[in-house]
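# Working through the structure, step by step
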Amino acid sequence: MIKFKILTAYPEMFPGSLNHSLIGKALKENIFKIDTINLHDFGIDNRKSIDDEPFGGGPGMILRPDVVEKALLSITNKNHLNTTKIYLTPSGTLLNQRKLGILSKLDEIIILCGRFEGIDQRAIDILGFEEVSIGDYVLAGGEIAAQVLLEGCIRLIPGVLGHPESLLEESFSNNLLEYPHYTRPQVWEDSQGNKHDVPEVLISGHHDNIKKWRKNKSVEKTKKVRTDLLIKREQKQD
Ligand code: SAM
């Protein structure tokens, strides 16, 4: 069972979206476990503050390193600080499918969710957090980012997906985006009265042709929207 320990100022945001559908089922079946650690329990002074103003000036507040350390030590100990620890931040290394695959094989992952302007850099460096971003945009806090990382990771654990073969050809496997899908009705008449067929090859029953068509569509789409993936793919084949 993979254990996620989440350091957060908003523990009530968990399990959140992870309590639903196939991931929610996996949670109920103890395929993974989420423990939340409330940063406010480790706040200082009477007000239990967890943040302070940035040295050097500037807007916003910064999460204090002593608070992060106390929260971390409540779940590890000084001699056992070598579990994988991730701080979610827009300035981290971009998360991708390969990284999710690596994470999904671990026994325990500690995730630190930021808020405000971010976290004192000493906490990240000294306590050994790897900085990971879920995309080139800025959210208000790390909790939704953590749920994105967890969901991506959990669906890769054997037994979680109803059809594990869907992992084989989905987007990013082999540096390609997935081909388009179609279902019933075979001819869809939209609200304007226009009729739209599904591509004929998909109802031909000819498996080799379907495979070829899907591969071509995958390459076509990847070329159109993610040439960076195609370049990676070509470099790998060289
Ligand atoms: N001042 C920071 C910067 O410019 O990089 C942004 C801080 S953001 C408002 C607050 C918190 O949200 C961050 O500490 C981080 O935990 C989380 N966050 C926001 N965007 C994220 C992203 N793209 N990936 C991962 N975490 C993110």
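We now turn to the structure provided with this report. None of the values given here were measured: they were computed from a predicted structure. (Residues numbered from 1 in each chain as written. Predicted model: local features only at pLDDT ≥ 70, side-chain atom pairs only at ≥ 80, totals over all residues. Heavy atoms only, no water.)

## Let's talk about the sheet that holds strand β7 (residues 118-119)
- The strand order across the open sheet formed by 3 strands is β3-β4-β7, and the pairing between neighbours is mixed. The open sheet has two edge strands with one neighbour each: β3 (51-52) and β7.
- With 2 bridges connecting them, β3 and strand β4 (residues 62-63) associate as antiparallel partners. Paired with Asp-51 across the two strands is Leu-63, which belongs to β4. (Pairing = 2+ DSSP bridges. Helix = DSSP H or I, 4+ residues; strand = E, 2+ residues; numbered from the N terminus.)

## Structural notes on the pairing of strand β6 (residues 108-113)
- For β6, a buried count of 6 out of 6 residues is recorded, marking the element as mostly surrounded by other parts of the structure.
- Relative to β6, strand β1 (residues 2-8) runs parallel, the two sharing 5 bridges. Note that in β6 the partner of Ile-6 across the bridge is Ile-111.
- Relative to β6, strand β5 (residues 84-94) is paired through 5 bridges, and the arrangement is parallel. From the neighbouring strand, Lys-85 faces β6, where its bridge partner is Ile-110.
- Handedness of the crossover joining β5 and β6 through helix α3 (residues 97-103) is recorded here as right-handed. (Buried < 20%, exposed > 50% of the residue type's maximum accessible area, 1.4 Å probe, protein only. Right-handed = clockwise from strand over helix to strand, strands pointing away.)

## With respect to the packing of helix α6 (residues 207-225) against helix α7 (residues 227-237)
- At a minimum axis separation of 6 Å, α6 and α7 run at an interaxial angle of 120°. The orientation of α6 with respect to α7, classified from their angle, is oblique. In contact with Lys-215, Val-219, Thr-222, Lys-223 and Val-225 of α6, α7 contributes Thr-227, Leu-229, Leu-230 and Arg-233.
- Its residues placed into classes, the contact of α6 with α7 shows 4 nonpolar, 2 polar and 3 charged. (Axes fitted to C-alpha atoms, helices over the stretch in contact; angles between N-to-C directions. Parallel < 35°, antiparallel > 145°, perpendicular 65-115°, else oblique. Contact = heavy atoms within 4.5 Å. Nonpolar A, V, L, I, M, F, W, Y, C, P; charged D, E, K, R; others polar.)

## A word on the state of the cysteines
- Applying the stated criterion across every chain, the model contains 0 disulfides.
- The closest cysteine sulfur to the non-disulfide-bonded Cys-113 is located on Cys-153, 14 Å from its own sulfur. (Disulfide = S-S within 2.5 Å.)

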